[in-house]
Number of protein chains: 2
Amino acid sequence: MKKTPATARTVRRGALTGQAEDYLKAIYEMEQGGEPAATNAVAALLGIAPASVSGMLQRLSRLGLVHVERYRGARLTHMGRRAALQLIRRHRIIESYLVTRLGFGWDEVDEEAERLEHGASTELVERMAAALGHPTEDPHGAPIPTSDGVVDERRLQSIADLAVGQTARVVRVSDRDSEFLRYLAAMGIRPNATVKVADRAPFDGPVTITVRGARHQLGVAAASRVYVEPVARTRRAAK
Amino acid sequence: MKKTPATARTVRRGALTGQAEDYLKAIYEMEQGGEPAATNAVAALLGIAPASVSGMLQRLSRLGLVHVERYRGARLTHMGRRAALQLIRRHRIIESYLVTRLGFGWDEVDEEAERLEHGASTELVERMAAALGHPTEDPHGAPIPTSDGVVDERRLQSIADLAVGQTARVVRVSDRDSEFLRYLAAMGIRPNATVKVADRAPFDGPVTITVRGARHQLGVAAASRVYVEPVARTRRAAK
DNA sequence: ATCGTATGTTAGTCCATACTAACTCTTAAG
DNA sequence: CTTAAGAGTTAGTATGGACTAACATACGAT
């Protein structure tokens, strides 16, 4: 017994190491724009060298998790997408649990979930989900894929896309930068908050918005990381 | 930036990988008998080849976590012991949390905690502990070291050490084998249960015990994995 | 005191993962 | 249409961690 080859002890569930899982998530995210995931983009997102990504793409390809077109980029296969969605589900459920059951701030949970998602069993994640009443969104407003890998990734507008005078409901905010999240929280920007664009500087300059009566300036970088759904004042069925 | 050498991404907190942490825990456990941890024993406990243990001992030694005496075995250094106790604290708090907050059975949590303990931040573990009111024992009766690494590892007797007629309170049970735990649970053996030795076969044969009025036979292997504190009927201060 | 078995260690491989350096494509600018 | 910059890949190296096979040590039994 115990003839398991080398890395077996570090492997969970589906025979994927934590690293490999991170790549799948990264590729999934990059792919959302429609284009295959670019090597350099994945490298930048994960903070590693492009050459390392090339290497990993070959391994993932061998495992049937991605299709790689040389010099073009990678796309997830069916299997790869399923794995990525499972991981994202884990991540978001864990984040939700940490916030609602253990009192973490929404700016603190991404990193923690990042580490836990690789070790947590499906059983644990499902128990957390059940304890929370099977939430459909995480604390940042991101949709939680179902255990069958179904997720509503509708294309969202960001504040940067709104016209002056428009009012919108915040649906979701980018969760990757805890400083940014604290900054948003300080202004009262969180899922379901209502924002109104008061002014916009030309040439993609900062946007002035009103949140709960207070005016704030948002740089483009920030504005484009807050996703909203315009509130239809003029009747034009908001679907 | 990101000149971090290779394994940095898999490393948590104190620059130790999950594997290395497992070794420390194993060595800590083996050492409890007073003797340095034997290579083969560690290998058996972790399910790996003895040669792999030799290799890891050298790495741990280089990191100042163990003292290795060639051909003799390993002992934890101060630092190593602290690391091991931190890990054990994590493990036991996580087990406790899973049982009391997420409805896991005591026979299901060892494996899960084994994986989570490497990814969970100190912050998370302390929040779990706080949520539980800072428990001092895990669900199997094992003491939880404090965050300063203090633990009451008093030498315990097992049922196998008791004489016929003696009554004892179950203090703790071995947690490594979930089948064994279910077997104990079925008999009503759990921390704080009272058992009485009704009979003992000679030559280390099975022990007959009474638990909550019912009689059961326990093999030596089982009996020696249930730790008890004799109940002093004859007055002779139970310390 | 010796010797054989247990136990332990070294040597040589392997794989995953990362890196740098050097090379190769792709593509946009002219 | 050419070409150079930027994107991507390969080659070569390192480290952690595991394996097997072969060698080394310790120690209890004779």
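These lines cover the structure that appears in this document, whether it is placed above or below. (Residues numbered from 1 in each chain as written. Chains lettered and ligands numbered in written order. Predicted model: local features only at pLDDT ≥ 70, side-chain atom pairs only at ≥ 80, totals over all residues. Heavy atoms only, no water.)

## Digging into the nonpolar core
In summary, soluble globular proteins display a tendency toward joint burial of nonpolar side chains. Leu102(A), Leu124(A), Leu102(B) and Leu124(B) are the most contacted members of the largest nonpolar core, which totals 31 residues. Within the residue set of this core, elements represented by two or more residues are α4 (78-102), α5 (109-116) and α6 (122-131) of chain A together with α4 (78-102), α5 (109-119) and α6 (122-131) of chain B. For Leu102(B), the contacting residues outside a window of four places in its chain are Tyr97(A), Leu124(A), Arg127(A), Met128(A), Ala131(A) and Tyr97(B). (Core = buried A, V, L, I, M, F, W, Y, C linked by side-chain atoms within 4.5 Å. Buried < 20%, exposed > 50% of the residue type's maximum accessible area, 1.4 Å probe, protein only. Helix = DSSP H or I, 4+ residues; strand = E, 2+ residues; numbered from the N terminus. Contact = heavy atoms within 4.5 Å.)

## Section: the relation of the copies chain A and chain B
Between chain A and chain B, which share one sequence, the superposing operator has a rotation angle of 180° and an axial displacement of 0.1 Å; the RMSD is 0.1 Å. The relationship between the two copies is best expressed as a two-fold rotation axis. If distances are taken from each C-alpha of chain A to the rotation axis, the shortest is found for Leu116(A), at 3.2 Å. A shared interface surface links the copies, since 100% of the contact residues of chain A are contact residues in chain B too. (Least-squares fit on C-alpha atoms with pLDDT ≥ 70 in both.)

## Examining the protein's contact with DNA strand C
Taken together, 25 residues are adjacent to DNA strand C, and Thr17(A), Ala49(A), Ser52(A), Ser54(B) and Gln58(B) come closest. At 2.4 Å from a phosphate oxygen of DNA strand C is found a side-chain nitrogen or oxygen belonging to Ser52(A). Measuring from a phosphate oxygen of DNA strand C, one finds a side-chain N or O atom of Thr39(B) at 3.0 Å. For the surface near DNA strand C, the secondary structure elements donating two or more residues are α1 (18-31) and α3 (50-62) of chain A together with α2 (39-46) and α3 (50-62) of chain B. (Near = heavy atom within 4 Å. Polar contact = N/O pair within 3.5 Å; in protein donor to acceptor, adjacent residues only side chain to side chain.)

## Quick notes on the interface of chain A and chain B
Each partner contributes residues to the interface: chain A has 27 residues there, and chain B has 27 residues. Approximately 2,200 Å² of surface area, both sides summed, lies buried where chain A meets chain B, with 57% of it carried by carbon and sulfur atoms. The tally of links from chain A across to chain B stands at two salt bridges. Between Arg127(A) and Glu108(B) there is a salt bridge; the shortest N-O distance is 3.9 Å. (Buried area = accessible area lost by both parts, 1.4 Å probe. Salt bridge = Lys/Arg side-chain N within 4 Å of Asp/Glu carboxyl O.)

## Quick look at the sheet that holds strand β6 (residues 207-211) of chain B
Residue and element names in this part refer to chain B. Reading across from one edge, β3-β8-β4-β5-β6-β7 is the order of the six strands in this open sheet, with antiparallel pairing throughout. The outermost strands of the open sheet, each flanked by one partner alone, are β3 (157-158) and β7 (214-218). With three bridges joining them, strand β4 (residues 167-173) and strand β5 (residues 194-200) adopt antiparallel strand pairing. Bridge pairing in β5 places Ala168 opposite Val195. Its contacts with the sheet place helix α7 (residues 178-187) against β4, β6, β7 and β8 (226-230), and it is angled at close to 155° to β7. (Pairing = 2+ DSSP bridges. Axes fitted to C-alpha atoms, helices over the stretch in contact; angles between N-to-C directions.)

## Structural notes on the sheet that holds strand β6 (residues 207-211) of chain A
All names here are of chain A. In spatial order, the strands read β3-β8-β4-β5-β6-β7; together these six strands make up an open sheet with antiparallel pairing. The sheet is open, and its two edges are formed by β3 (157-158) and β7 (214-218), each paired on a single side. Bridge analysis of β3 against strand β8 (residues 226-230) gives two bridges, and the strand direction is antiparallel. The partner of Ser158 across the bridge, within β8, is Tyr227. Strands β4 (167-173), β6, β7 and β8 of the sheet are contacted by helix α7 (residues 178-187), whose axis makes an angle of about 155° with β7.

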